[in-house]
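# Analysis of the macromolecular model
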Amino acid sequence: MSLRVLLVGARGRMGQAIIAAAPAAGAVIAAACDQGDTPADHLANCDVVIDFSFQAATAPLAVLCANAGKPLVIGTTGHSDADRATIRAQAATIPIVWAGNYSVGVNLLNALTRLAASVLGDSYDPEVVELHHRLKKDSPSGTAERLVDVIREVRGLTREQEKHGRQGLVGERPTAEIGVHAVRGGDIVGEHTVYFCGLGERVELTHRATDRRIFAQGALRAAVWVVGRKPQVYGMEEVLGLDRLGRIETN
């Protein structure tokens, strides 16, 4: 039996890509909602909800899903702290897959970044650079935020030690800092590079997306995976089994 999906944000670029990719993933779009539609009217007839609408709509949708006992896959980014707290609270009731990027390759990049940050240590300066199309509204991207989170977790840094762009006489770069930079232009689907800059060598980890189908396929893979899981927040690392990589002990 095909997985029945309630798709929220159906008229957007990602929504259309998910609709096109659903049959190959063994899923059927039971209902497709967008602005002006009421997702609550369709929850009873779905197995899982995929949200690629806009950030302000995600927290109320998460509450609806929790009340209905429906798993949720979140593809929106740029949420406020209050919305993040509301969404996470619903994970006490339902399983939620929440990722800034559903590409298999990007999530491998996350795992490799964790491994590199662990192996290379504090003497290598981390910088994250992301490129997207001119129409993208949030900055940095959710994918870049996740990469920064990974480095912060490994290095034991705080959000106050992130440096978003540099201008003027900023002084020497401190060791305990993560540089974050965003480029916007044209029709770039998405590109992310993590630099670890040492003395005498530099390590670069890069992922380039050329087709949005990779994100749709990943979101549908997450939707199939999350049904029946215990209530909590999962990332694509768990969906792909990558959460076991890069967690090494270093001296």
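Scroll up to find the structure.
The text that follows walks through the structure, step by step, so that each part is easy to find. Worth saying up front: this structure is predicted, and the values here are computed from it rather than measured.

### Here's the deal with the packing of helix H2 (residues 55-68) against helix H3 (residues 81-90)
Relative to each other, H2 and H3 sit at 20°, their axes nearing to 9 Å. By the angle class used here, H2 and H3 are roughly parallel. The two elements H2 and H3 cross, and the hand of that crossing is left-handed. Residues Gln55, Ala56, Thr58, Ala59, Ala62, Val63 and Ala66 of H2 pack against Asp83, Thr86, Ile87 and Gln90 of H3. Tallied by class, residues from the contact of H2 with H3 come to 6 nonpolar, 4 polar and 1 charged.

### Looking at a nonpolar patch on the surface
On the surface, Leu108, Leu112, Leu115 and Val119 cluster together into a nonpolar patch covering about 300 Å² of accessible area. Residue Leu112 is classed as partly exposed on the basis of its relative accessible area, which comes to 37%.

### A closer look at the side chain of His79
By the element assignment, His79 lies in the loop between strand E4 (72-74) and H3. A polar contact is formed between the side chain of His79 and the side chain of Thr76, at a distance of 2.7 Å. Apart from the residues lying within four places of it in its own chain, the contact partners of His79 are Gln55, Thr58, Ile74, Arg84, Ile87 and Trp98.

### Digging into the packing of aromatic side chains
Within this structure, the stated rule accounts for 2 aromatic pairs. A centroid spacing of 5.0 Å and a plane angle of 85° characterise the contact between Trp225 and Tyr234, whose relative ring orientation is edge-to-face. No difference in accessibility class separates Trp225 from Tyr234, as the two residues are buried.

### Brief notes about the pairing of strand E1 (residues 3-8)
Of all 6 residues making up E1, 5 are buried, and the element is well covered by its neighbours. Chirality of the crossover, the property in question, places the unit of E1, helix H1 (residues 13-21) and strand E2 (residues 27-33) among those that are right-handed. Across 4 bridges, E1 lies against strand E3 (residues 48-51) in parallel orientation. Counted as the bridge partner of Leu6 is Val49 from E3.

### Quick word on helix H6 (residues 213-226)
Between the first and last C-alpha of H6 there are 20 Å, a value that for 14 residues agrees with the 20 Å anticipated at 1.5 Å per step. Listed as buried for H6 are Phe215, Ala216, Gly218, Ala219, Leu220, Ala222, Ala223, Trp225 and Val226. Directly beyond the C-terminal end of H6, a positive phi value near 90° is found at Gly228.

What counts as what
Residues numbered from 1 in each chain as written. Predicted model: local features only at pLDDT ≥ 70, side-chain atom pairs only at ≥ 80, totals over all residues. Heavy atoms only, no water. Axes fitted to C-alpha atoms, helices over the stretch in contact; angles between N-to-C directions. Helix = DSSP H or I, 4+ residues; strand = E, 2+ residues; numbered from the N terminus. Parallel < 35°, antiparallel > 145°, perpendicular 65-115°, else oblique. Left-handed = near helix turned anticlockwise from the far one by under 90°. Contact = heavy atoms within 4.5 Å. Nonpolar A, V, L, I, M, F, W, Y, C, P; charged D, E, K, R; others polar. Patch = residues over 30% accessible without salt bridge, like charges linked within 9 Å, V, L, I, M, F, W, Y side chains within 5 Å. Areas by Shrake-Rupley, 256 points an atom, 1.4 Å probe, with all protein chains shown as cover. Salt bridge = Lys/Arg side-chain N within 4 Å of Asp/Glu carboxyl O. Buried < 20%, exposed > 50% of the residue type's maximum accessible area, 1.4 Å probe, protein only. Polar contact = N/O pair within 3.5 Å; in protein donor to acceptor, adjacent residues only side chain to side chain. Phe/Tyr/Trp six-rings, centres within 6.5 Å; stacked < 30°, edge-to-face > 60°. Right-handed = clockwise from strand over helix to strand, strands pointing away. Pairing = 2+ DSSP bridges. Expected span 1.5 Å × (residues − 1).

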